[in-house]
Amino acid sequence: MTKTSMYPDSENFDSLRRLLGLKRHEQPPPGYFHHFSRNVIVRIQAGERGVDSTSLERLLWEAPWLQRFWTALEAKPVLAGALGVAACAMLLAGIIYSLPDNAPAPYSSASPQAMLLSAQRSIQGSIFSPDAPVDFTNGLSGDSTGSLFGQPVKQIKYILPGN
Amino acid sequence: MIMAEPVTRKARKPPEDQTSALPPEPTPEEDLVRHARRGDLTAYDELVRRYQERIYATIYHMTSNHEDANDLAQEAFIKAFHALKSFKGGSSFYTWVYRIAVNKTINFLKQRKNKAQLSLDDLDFHAEHDPDLVALVSDKTPRRDVSLAELQEKLNIAMQKLSEPHRLVVTLHDVQGLSHEEIAKIMECNIGTVRSRLFYARQQLQAYLSDYLK
């Protein structure tokens with residue numbers, strides 16, 4: 001019984017295979033391979049001397065999934081665009097959702113009343129605390145002469161009594 | 001970069017009594033790879049010399065363009081050198097570098113897609129004396145006026161009409177003579193896939209080239 005194959009290797013394709021043999025006769029210019037390996041080595045050496053521009057390539061090669069992902073992006077610009085749009089949308093959504101619902105409008109807090117209220121709140125805990133008295137000084141020690149014009153600086157001290 | 005003890009291109013010296021008759025033994029591939037991994041460019045140069053013709057030919061038959069093949073073949077070897085540290089030795093260096101070259105070429109072709117330009121290598125002297133080709137361009141051929149150069153161009157145009165995986169299988173098997181098993185390793189697929197792609201690709205080529213086939 002003759003053995004038949006689903007994908008016959010030679011049946012019906014003999015002429016085609018002979019024709020394809022023509023490609024084996026296609027040869028690069030004479031002497032082309034004499035300098036080929038030298039060119040490769042020179043380019044490797046040039047790459048090592050210069051900036052390590054192949055780091056990304058190496059990373060891509062060592063992480064195959066990243067390589068496949070990068071290849072897909074290169075091959076399909078639409079995919080790269082869609083990814084970019086998705087990233088922008090996510091960023092925008094993140095910004096919007098990170099804002100608190102009851103947050104005042106940015107400019108309203110700059111009103112004089114709001115600023116006053118904010119300042120009062122910030123110093124309330126220190127001035128009106130029932131504990132130790134608060135010491136307001138001008139930040140200089142008594143013997144300092146650190147003024148702009150070499151004049152001796154007088155220390156001013158205010159002490160508020162606690163409640 | 002760490003420089004290892006360089007591998008000289010002249011391989012090990014055979015014993016005295018055999019020096020006149022035998023050619024020097026080539027350095028084993030594993031030794032060259034080990035030295036190249038440590039940064040020995042002389043060893044890597046030797047590896048490039050061993051495979052440059054096959055790698056160039058594969059890329060050339062895929063692109064039908066000498067300049068592209070030249071660039072891609074060089075880049076494939078450069079990339080392989082930088083990736084040598086990730087070469088685990090699970091396959092031969094030859095299969096591994098082939099895979100790099102093939103992936104690089106397929107990526108390039110995907111980008112080039114609509115601007116394929118032929119830049120064909122010349123046919124060598126032996127083409128005119130190849131009995132198979134003589135038979136093809138004989139009086140029995142349907143197109144009697146066809147020349148080898150014209151046939152070469154038509155063949156390359158037809159090859160470029162195939163998808164990259166189909167063109168690759170035809171190139172590796174029918175042009176370069178690799179076995180199905182070797183192709184499966186290079187393409188990282190099973191042998192059944194190689195066979196079915198080869199069958200389909202031949203069918204396609206046969207249809208494109210029907211005027212030139214008996």
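Residues numbered from 1 in each chain as written. Chains lettered and ligands numbered in written order. Predicted model: local features only at pLDDT ≥ 70, side-chain atom pairs only at ≥ 80, totals over all residues. Heavy atoms only, no water.

S.K.: Residue-level account of the overall build of chain B, with values.
M.R.: The helix and strand inventory of chain B stands at nine helices and one strand. Shown N-terminal to C-terminal, the secondary structure of chain B runs as helices and strands in the order α-α-α-α-β-α-α-α-α-α. Each of the 214 residues in chain B was classed as buried or not, and the buried ones make up 50%. By sequence separation, contacts in chain B at least 24 residues apart represent 68% of the contacts at least 6 residues apart. Entry remark: accessible area of chain B is about 10,800 Å², with carbon and sulfur atoms responsible for 49%. (Helix = DSSP H or I, 4+ residues; strand = E, 2+ residues; numbered from the N terminus. Buried < 20%, exposed > 50% of the residue type's maximum accessible area, 1.4 Å probe, protein only. Contact = heavy atoms within 4.5 Å. Areas by Shrake-Rupley, 256 points an atom, 1.4 Å probe, with all protein chains shown as cover.)

S.K.: Talk me through the confidence of the model for chain A; I want residue IDs and the actual numbers.
M.R.: Residues and elements named next belong to chain A. For chain A, per-residue confidence averages 69 on the pLDDT scale, and 42% of positions sit at 70 or higher. For chain A, strand S2 (residues 134–137) is the element with the lowest average pLDDT, namely 52, and strand S1 (residues 26–27) is the one with the highest, namely 92. For residues 139–146, every residue scores under 50 in pLDDT, and the model assigns this stretch eleven contacts once sequence neighbours within four places are set aside. (pLDDT = per-residue confidence, 0-100.)

S.K.: Explain the interface of chain A and chain B to me, using residue names and the numbers behind them.
M.R.: Taken residue by residue, the interface counts 40 residues in chain A and 63 residues in chain B. In this structure, the connection of chain A to chain B is made through one salt bridge. Residue B:Asp174 pairs with A:Arg17 through a salt bridge whose shortest N-O separation is 3.5 Å. Run the count over chain A and chain B and you get 15 residue pairs in polar contact (both at pLDDT 80 or more). Those elements that place two or more of their residues in the side of chain A that touches chain B are helix H1 (14–20), S1, helix H2 (36–49), helix H3 (55–62) and helix H4 (64–75) of chain A. Residues of the side of chain A that touches chain B, tallied by class, amount to 17 nonpolar, ten polar and 13 charged. Strand direction decides the pairing type here: S1(A) and strand S1 (residues 122–123) of chain B, joined by two bridges, are antiparallel. Within S1(B), the position partnered with A:Glu26 by the bridge is B:Leu123. (Salt bridge = Lys/Arg side-chain N within 4 Å of Asp/Glu carboxyl O. Polar contact = N/O pair within 3.5 Å; in protein donor to acceptor, adjacent residues only side chain to side chain. Nonpolar A, V, L, I, M, F, W, Y, C, P; charged D, E, K, R; others polar. Pairing = 2+ DSSP bridges.)

S.K.: Break down a nonpolar patch on the surface for me, with residues and values.
M.R.: Residues A:Leu92, A:Ile96 and A:Tyr97 make up a contiguous nonpolar surface patch of roughly 400 Å² in combined accessible area. Looking at where A:Leu92 falls in the secondary structure, it is placed in helix H5 (residues 77–98). (Patch = residues over 30% accessible without salt bridge, like charges linked within 9 Å, V, L, I, M, F, W, Y side chains within 5 Å.)

S.K.: Talk me through helix H1 (residues 29–37) of chain B; I want residue IDs and the actual numbers.
M.R.: Three or four residues apart is the spacing at which side chains of an α-helix point the same way, because the helix has 3.6 residues per turn. Residue and element names in this part refer to chain B. For H1, the full list of buried residues reads Glu29, Leu32, Val33, His35 and Ala36. All buried residues of H1 fall inside an arc of 165° around its axis, so they share one side. Check the buried side of H1 and you find it contacts helix H2 (41–63), helix H3 (66–82) and helix H4 (93–112). A positive phi of about 100° marks Gly39, the residue just after H1. (Arc of directions from axis to C-beta.)

S.K.: Can you tell me about the packing of aromatic side chains, naming the residues and giving the values?
M.R.: Residue and element names in this part refer to chain B. Within this structure, the stated rule accounts for 16 aromatic pairs over all chains. For the pair Tyr51 and Phe93, a centre-to-centre distance of 6.1 Å together with 40° between the ring planes defines the contact as tilted. Taken as a pair, Tyr51 in helix H2 and Phe93 in helix H4 lie far apart in primary sequence, 42 residues in all. Take Tyr51 and Phe93: they sit in the same class, and that class is buried. Feature note: the residues Tyr44, Tyr51, Phe81, Phe87, Phe93, Tyr94, Trp96 and Tyr98 constitute an aromatic cluster, connected by ring pairs. The aromatic ring of Tyr208 is capped on one face by Lys161, whose charged end is 5.0 Å from the ring centroid. (Phe/Tyr/Trp six-rings, centres within 6.5 Å; stacked < 30°, edge-to-face > 60°. Lys NZ or Arg CZ within 6 Å of the ring centre and 35° of its normal.)

S.K.: Describe in detail H4(B), supporting the description with residues and values.
M.R.: The terminal C-alpha atoms of H4(B) lie 28 Å apart, and with 20 residues this matches the ideal 28 Å at 1.5 Å per residue to within 8%. Of all 20 residues in H4(B), 15 are buried; the element is thus mostly enclosed. (Expected span 1.5 Å × (residues − 1).)

S.K.: Break down unusual backbone geometry for me, citing the residues and quoting the values.
M.R.: All names here are of chain B. The backbone phi angle of Ser64 is positive, close to 55°, even though this residue is not glycine. Structurally, Ser64 is set in the loop between H2 and H3. Judged by relative accessible area, which is 0%, Ser64 ranks as buried. Even without being glycine, Glu188 reaches a positive phi, approximately 55°. Locating Glu188 in the fold gives a position in the loop between helix H8 (180–187) and helix H9 (191–208). In this structure Glu188 comes out as exposed when scored by relative accessible area, which is 59%.

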